[in-house]
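# Observations on chain architecture
In case you want the letters, here they are:
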Amino acid sequence: MKTTAKKILIGVGTVAGVSILAIGGYVVFHKPSEVRNPCQRSFFRADGIPKVAFDKAWKANLQSVIQLVHYGEICNSYKVGESYYTGHSKYAKYRSINPFK
């Protein structure tokens, strides 16, 4: 294998490794914000379907990452009572990275 191909593979492997560590760190260590006065939209989507409640913060954080990767939606995890949810931030500049939305 040529040295340039090796350098490219090492670079790709480094970027992949750092990305995996960053995503794993977010899922494990991110503390969701706590909503003190929840409204209806804290528990229901815009179309009226109830949001999925998670019992642990890391599960909601993982769902946020899955939504970003799979759908291109930028979501935040938050805590209401003893449950964790994901949703769009009302202060976000961009709600999606999907160019077709």
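Structure first, text after, so check above.
Here's a quick rundown of the structure. All values reported here derive from a predicted model rather than from experimental measurement.

Glancing now at the packing of helix H1 (residues 3–29) against helix H2 (residues 57–71). Taken N-terminus to C-terminus, the directions of H1 and H2 make an angle of 140°; their axes are 7 Å apart at the nearest point. As summarised for this structure, H1 and H2 are arranged oblique, according to the angle between their axes. In contact with Ile23, Tyr26 and Val27 of H1, H2 contributes Trp58, Asn61, Leu62, Ser64 and Val65. Taken together, the residues that form the contact of H1 with H2 break down as six nonpolar, two polar and no charged.

Here we come to the pattern of salt bridges. With the rule as written, the count across this model stands at two salt bridges. Note that Asp47 is salt-bridged to Arg45, the shortest N-O span being 2.6 Å. Looking at Arg45, the relative accessible area reads 40%, which means it is partly exposed.

A separate point is H2. The end-to-end C-alpha distance of H2, which contains 15 residues, comes to 21 Å, matching closely the 21 Å that a straight helix rising 1.5 Å per residue would cover. What H2 keeps buried is the set Ala57, Ala60, Asn61, Ser64, Val65 and Gln67. Projected down its long axis, H2 carries its buried residues within an arc of 155°, all on one side. Exposed and oriented more than 90 degrees from the buried face of H2 are Val69 and His70. Next to the buried residues of H2 lie H1, strand S2 (76–80) and strand S3 (83–87). Downstream of H2 by a residue or two, Gly72 has a phi angle that is positive, lying close to 80°.

Conventions we followed
Residues numbered from 1 in each chain as written. Predicted model: local features only at pLDDT ≥ 70, side-chain atom pairs only at ≥ 80, totals over all residues. Heavy atoms only, no water. Axes fitted to C-alpha atoms, helices over the stretch in contact; angles between N-to-C directions. Helix = DSSP H or I, 4+ residues; strand = E, 2+ residues; numbered from the N terminus. Parallel < 35°, antiparallel > 145°, perpendicular 65-115°, else oblique. Contact = heavy atoms within 4.5 Å. Nonpolar A, V, L, I, M, F, W, Y, C, P; charged D, E, K, R; others polar. Salt bridge = Lys/Arg side-chain N within 4 Å of Asp/Glu carboxyl O. Buried < 20%, exposed > 50% of the residue type's maximum accessible area, 1.4 Å probe, protein only. Expected span 1.5 Å × (residues − 1). Arc of directions from axis to C-beta.

As far as function goes, none of this settles anything; it's purely spatial.
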